[in-house]
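Structural description and commentary
Spelled out, the chains give:
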Amino acid sequence: MPKIYKPGKVAIVLQGRQAGKKVVVIKQVDEGTKDRPYAHAIVAGIERYPRKVTRRMGTKKVQRRSRVKPFIKTVNYSHLFPTRYALELEGLKGVISADTFKEPSQREDARKTIKKLLEERYQSGKNKWFFQALRF
C-alpha cells in the first residue's frame, strides 16, 4: 500500500472533537507502536481559525483577529481524510515527537511553537486556504 500520509500532507479530521478541522501531518507511524497498535499520525491543526479582517480596522484589532489556536494530536489513519495539498513547514518536524505527549509542559511548549509558526505563515499570506474554516 502506498504511503499517503507523508510529513507536510494536509488532511481533514473526520472523528472526535476536531472533526472537520484541517491538519498537517508531522510524523506518520504506519506499523503502530506498543501503546497504539494501529497505524496513526501525529498531526498539528487549527482549532480556532483567524477571523475576517477589513481595511477599516486598527492594528490592534487586526492583530487580535489574526490569532490562531492550534492543537496537536495523534490520530488513527481511519479518522483522517487526505487531501491533495501539502504544507511545507520546516520548523514543525523537530518540534513534536512521540515523547511530547507524555509530559504536559512539553505539550504546551510544542503548542506555543506551532502557534508561532502558523501565525507567521498566516501573516505572510501564504496558503490562505489552510486558514479558512471548511464550509459544509
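Please read these numbers as outputs of a predicted model, since none were measured by experiment.

1. Structural notes on the packing of aromatic side chains
Aromatic rings in a pair are described by how distant their centres are and how their planes are angled relative to each other. The tally for this structure, following the rule as stated, stands at five aromatic pairs. Ring geometry for W129 against F130: centres 5.9 Å apart, planes inclined by 85°, an arrangement best described as edge-to-face. Classification of F130 as buried rests on a relative accessible area of 1%. Seen in terms of ring centroids, F130 and F131 are 5.5 Å apart; in terms of plane orientation they differ by 90°. Their pairing is edge-to-face. Pairwise contacts between aromatic rings join Y85, Y122, W129, F130 and F131 into one cluster.

2. Quick notes on the pattern of salt bridges
Applying the stated criterion to the full structure yields four salt bridges. Residue K69 is joined to E47 by a salt bridge in which the shortest nitrogen-to-oxygen separation is 3.7 Å. Residue K69 is found in strand β4 (residues 69–76), and its partner E47 is found in strand β3 (residues 40–48); the two are separated by 22 residues along the sequence. Using a relative accessible area of 25% as the deciding quantity, one classes E47 as partly exposed. In this structure, E119 and K115 form a salt bridge, with 3.6 Å as the shortest nitrogen-oxygen distance. Here E119 pairs with K115, and both are found in helix α3 (residues 104–124), just four residues apart, close to one helical turn.

About the thresholds
- Residues numbered from 1 in each chain as written.
- Predicted model: local features only at pLDDT ≥ 70, side-chain atom pairs only at ≥ 80, totals over all residues.
- Heavy atoms only, no water.
- Phe/Tyr/Trp six-rings, centres within 6.5 Å; stacked < 30°, edge-to-face > 60°.
- Buried < 20%, exposed > 50% of the residue type's maximum accessible area, 1.4 Å probe, protein only.
- Salt bridge = Lys/Arg side-chain N within 4 Å of Asp/Glu carboxyl O.
- Helix = DSSP H or I, 4+ residues; strand = E, 2+ residues; numbered from the N terminus.

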